[in-house]
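# Commentary on secondary and tertiary structure
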Amino acid sequence: MTSEQPADAAVTQFAVLDALLAGTYESGITVAEVRGLGDFGIGCCEELGGEVIVLDGEVFECTVGEQPDRMRDDQILPFVDVCRFPASFADPIADCDLPAFTAQVEQSLVSRNLFHAVRVDGVFTAVRVRVTPRQEHPYRPLAEVTSGQIESVLADARGTLVGFWAPAIYQGITVAGLHVHFIAEDRSIGGHVLDVIVGAAELRLAAYSRFNLQLPTDDLFLRTELTHSEDHRIVAVEGGAVAPAS
């Protein structure tokens, strides 16, 4: 399968991953603004209090001890990647673990220099997801937050993987390689994917040659100089879902 590049489309991102790693996530973008930018994406909740999934125009928050819930338009996301996912051909994918799934995605890329939205619908033999607890001032760096993450393992779960594959040169701006979240079809559970075994599903990809970056303007972000020297921490906090750069 080859993904199709939609005309005049872009992946829009608010904030950068290195800001989360530095504990700089005081402000954000509203859900209403996110919905205006696209119908597909992933992000995190205000104060890192959970994981966000944008699917078919609906925005869900996955938080500790709660089922995924639709977010209000006035709620804030300190980090998000969002796009408009086009109608696209589906490719069957079955009986593959995370490395095999990542390899199939990468074999289908238009180019390793373009962003790709990744969607998988079907049955998953196993999915390991995490959500993070809400933080309070002073905000801790992301690596410290994920040390207290809550993990869940699902078996024979029907649902959707939502995420992106990003070029290696954008590591630190976003997550280079594959970064996906999961939400169950019955909306009973969701979160950031740490590991997955695809049972029988359909894979859709869409390539994007435009990447729009919006930066926060709050005081903490403006006075915190960000330097990218945290590749090992990115791999640690993102778990097995990060594909190695080549």
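Scoring rules and cut-offs
- Residues numbered from 1 in each chain as written.
- Predicted model: local features only at pLDDT ≥ 70, side-chain atom pairs only at ≥ 80, totals over all residues.
- Heavy atoms only, no water.
- Helix = DSSP H or I, 4+ residues; strand = E, 2+ residues; numbered from the N terminus.
- Buried < 20%, exposed > 50% of the residue type's maximum accessible area, 1.4 Å probe, protein only.
- Contact = heavy atoms within 4.5 Å.
- Areas by Shrake-Rupley, 256 points an atom, 1.4 Å probe, with all protein chains shown as cover.
- Pairing = 2+ DSSP bridges.
- Salt bridge = Lys/Arg side-chain N within 4 Å of Asp/Glu carboxyl O.
- Phe/Tyr/Trp six-rings, centres within 6.5 Å; stacked < 30°, edge-to-face > 60°.

## Side note on the overall build of the chain
Each helix and strand in the chain was counted, giving six helices and 14 strands. Burial statistics for the chain: of 246 residues in total, 53% are counted as buried. In the chain, 80% of the contacts between residues at least 6 apart in sequence involve partners at least 24 apart. In the form shown here, the chain has an accessible surface area of approximately 10500 Å², with 48% of it arising from carbon and sulfur atoms.

## Let's talk about the sheet that holds strand β6 (residues 69-70)
The mixed open sheet is built from seven strands, whose spatial order is β6-β5-β4-β3-β8-β1-β14. For this open sheet the edge positions go to β6 and β14 (210-214), each flanked by a neighbour on one side alone. Two strands pair when backbone bridges link them, and strand β3 (residues 40-44) and strand β8 (residues 79-83) are joined in this way by five bridges, in the antiparallel orientation. For Phe-40, the partnering residue across the bridge sits in β8 and is Cys-83.

## Things to note about the pattern of salt bridges
Per the stated rule, a full pass over the model turns up twelve salt bridges. One network of salt bridges, with partners in common, ties together Asp-56, Arg-119, Asp-121, Glu-202 and Arg-204.

## Some words on the packing of aromatic side chains
One pair of aromatic rings is described through two measures. These are the centre distance and the angle between the planes. Scanning the entire structure with this criterion turns up seven aromatic pairs. Aromatic side chains Phe-40 and Phe-85 sit 4.8 Å apart centroid to centroid with 45° between the ring planes, which places their arrangement in the tilted category. Here Phe-40 is found in strand β3, whereas its partner Phe-85 is found in the loop between β8 and β9 (91-97), with 45 residues between them in sequence. Ring plane angle 10° and centroid distance 4.4 Å describe the contact between Phe-115 and Phe-211, whose orientation is recorded as stacked. Residue Phe-115 is found in strand β10 (residues 115-131), and its partner Phe-211 is found in strand β14; the two are separated by 96 residues along the sequence. According to the relative accessible area criterion, Phe-115 is buried, its value standing at 4%.

## Examining the pairing of β10
Counting buried positions along β10 gives 13 out of 17 residues, so the element sits mostly inside the fold. Where β10 meets strand β13 (residues 190-208), 15 bridges bridge the pair, whose relative direction is antiparallel. Pairing of Arg-130 across the sheet is with His-192, part of β13. Strand direction decides the pairing type here: β10 and strand β11 (residues 150-166), joined by 15 bridges, are antiparallel. Paired with Ala-126 across the strands is Ala-155, a residue of β11.

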